Amino acid sequence: MKRKLIAAIGVAGMLVSVAACGSDDKASSQDPKDRKETLTVWLMGEAQSTWPELVKDTNAEFNKKYPNVKVNVQYQQWADKVKKLDTSLGGDKFPDVVELGNTETMQYILNGALGEIDPSKYENSDTWIKGLKDTCTFEGKTYCVPYYASARLAVYNKDMLKAGTGSDALPQTEDEFLAAMDKVSAELGKKDKRASSLYFPGRYWYAAMSYVAAYGGQIATYDEGSKEWKSALSTPEAQKGLEHFVNLVKKYNKADQTKDEQDHANVMANEKAAVIYGQAWEAGSVFGGENGNPKLEGKIATAGMPGPEGKALPSFIGGSDLATISKSKIQDLGEEWISLYTNAKGGEVLASKNVLPNNEKQLEPLKSKPETAAIANAVPDAWFTPIAPGWASVEKEDILENLLLDILKGTSVADATKKADDKVNALINKKS
């Protein structure tokens, strides 16, 4: 999971002077064949393991124009990437191009670490998926390029579902889905009273806010009159969504209800959950990888998560963006590399791997492809957290998780959301 990664302490001071730096105009006006710099690109491990040909082809195309520029691609891991990036930005050895999880971008935008880009220079920018585009945009300016999209959906054990309901197909309406979960719960309870039909950890705020969105609520809204953000957690819509989520946790989670979702794929791998609400890649980690259960290969499926009022549950937009570092003297080269990497050919490569490209045009065929239909259909209407200065802080997760715990432990939704509103309002309008 890409969460709680941003190191808030010291970053602002470390990057104070970053915004003043930029591309070397003299270098950018040189004949491309005379350029002899090294372009350092940080990509995450998925690019190395799943679409290495895209990296190779992009470098080859880039070097047709810049034959003497060395492209140094360095692959990072999510667990320590942000710490390494923050450290590098405080010194003189830093990447020129960096991949960021979409929840990471705002902190670096606000600290001046990312170079501003012109969307018109990037293919398909007119149809970039809105949720990803929003993660790159602040006050009308764009600071990164959408790379690929993701969304949360239902990940389920077909055998467990069939044992309880007689069918391994996930119901499409919430009433039918919850009726199925009741039957699965009864069946699982005969063998293991700690196994959950629907495993929703109580501190899973991404899921909780999806139910808030399902009822038309939001975490916060921008008030044009005061020019400030205001928490919306105590609105009737948000309260209804929060109550709905907590009721599901109480009824269906037979394990520790105060946990977060960090290990929910492992819970499923240990056959303690029939359904989880996770990212598409987590389906593979249930049966593969270091903690997967190989016996479950072929038994784990995905589908759109049914939501309230006869609609699909709105999903939190996931994915990655690519940005140039503002203190790089070769931002122009970084921009050209990103442009090649994220063009239509690049999107085709991602789509061929069942990875969602950054634009609606190339996303469309994946909506009817069996392997990608669930997640591709969840992305266009996906929601994102407030694009507000203070919301980049890691404190937001503590506020939302504590809100859920308060309700779970018996505090009324009205009292819990009022308390959370005060904390959100104090946090969300911070400038640094």
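Residues numbered from 1 in each chain as written. Predicted model: local features only at pLDDT ≥ 70, side-chain atom pairs only at ≥ 80, totals over all residues. Heavy atoms only, no water.

Identification of the protein chain as Extracellular solute-binding protein from Streptomyces cavourensis is taken from an unreviewed UniProt entry. UniProt annotates the protein chain under Sequence similarities (unreviewed entry) with the comment "Belongs to the bacterial solute-binding protein 1 family." (UniProt positions renumbered as here; feature names shortened; annotations may be inferred.)

Within the structure shown, the criterion is met by 17 salt bridges. A salt bridge links Asp-263 to Lys-259; the nearest nitrogen and oxygen atoms lie 2.7 Å apart. We classify Asp-263 as partly exposed; its relative accessible area is 24%. The network of salt bridges with common partners includes Arg-35, Glu-37 and Asp-332. (Salt bridge = Lys/Arg side-chain N within 4 Å of Asp/Glu carboxyl O. Buried < 20%, exposed > 50% of the residue type's maximum accessible area, 1.4 Å probe, protein only.)

Turning our eyes to something else, we now look at helix 9 (residues 174–189). If you check helix 9, its first and last C-alpha atoms are 22 Å apart, about what 16 residues at 1.5 Å a residue would give, namely 22 Å. Every buried residue of helix 9 is listed here: Glu-174, Phe-177, Leu-178, Ala-180, Met-181, Val-184, Ser-185 and Leu-188. End-on, the buried residues of helix 9 take up no more than an arc of 155°, which puts them together on one face. Lining the buried residues of helix 9 we find helix 8 (158–165), strand 7 (196–198), helix 10 (205–214), helix 11 (236–252) and strand 10 (273–279). (Helix = DSSP H or I, 4+ residues; strand = E, 2+ residues; numbered from the N terminus. Expected span 1.5 Å × (residues − 1). Arc of directions from axis to C-beta. Contact = heavy atoms within 4.5 Å.)

What follows deals with unusual backbone geometry. If you check the backbone angles, Asn-124 has positive phi at about 70° while not being a glycine. Looking at where Asn-124 falls in the secondary structure, it is placed in the loop between helix 6 (105–110) and helix 7 (130–135). Accessibility expressed as a relative area gives 12% for Asn-124, which makes it buried. Even without glycine at this site, Lys-227 takes up a positive phi of about 60°. Mapped onto the fold, Lys-227 is located in the loop between strand 8 (220–223) and strand 9 (228–231). The exposure class of Lys-227 is exposed, given its relative accessible area of 52%.

Here we come to the state of the cysteines. By the definition in use, this model includes one disulfide. One disulfide bridge connects Cys-136 with Cys-144, the sulfur atoms lying 2.0 Å from each other. Looking along the S-S bond of the Cys-136-Cys-144 disulfide, the torsion reads about -110°, which is the left-handed sense. Here Cys-144 falls in the buried class, since its relative accessible area comes to 1%. (Disulfide = S-S within 2.5 Å.)

Next up on the list: the pairing of strand 9. Strand residues, when the strand is regular, have side chains that alternate between the two faces of the sheet. Burial of the side chains of strand 9 is restricted to one face: Trp-229 and Ser-231 are buried, whereas none of Glu-228 and Lys-230 on the reverse face is. One ladder, built from four bridges, connects strand 8 with strand 9; its direction is antiparallel. Of the residues in strand 9, the one forming a bridge with Asp-223 is Glu-228. As consecutive antiparallel partners, strand 8 and strand 9 are separated by four residues, and within that stretch Lys-227 has a phi angle of approximately 60°, a positive value. (Pairing = 2+ DSSP bridges.)

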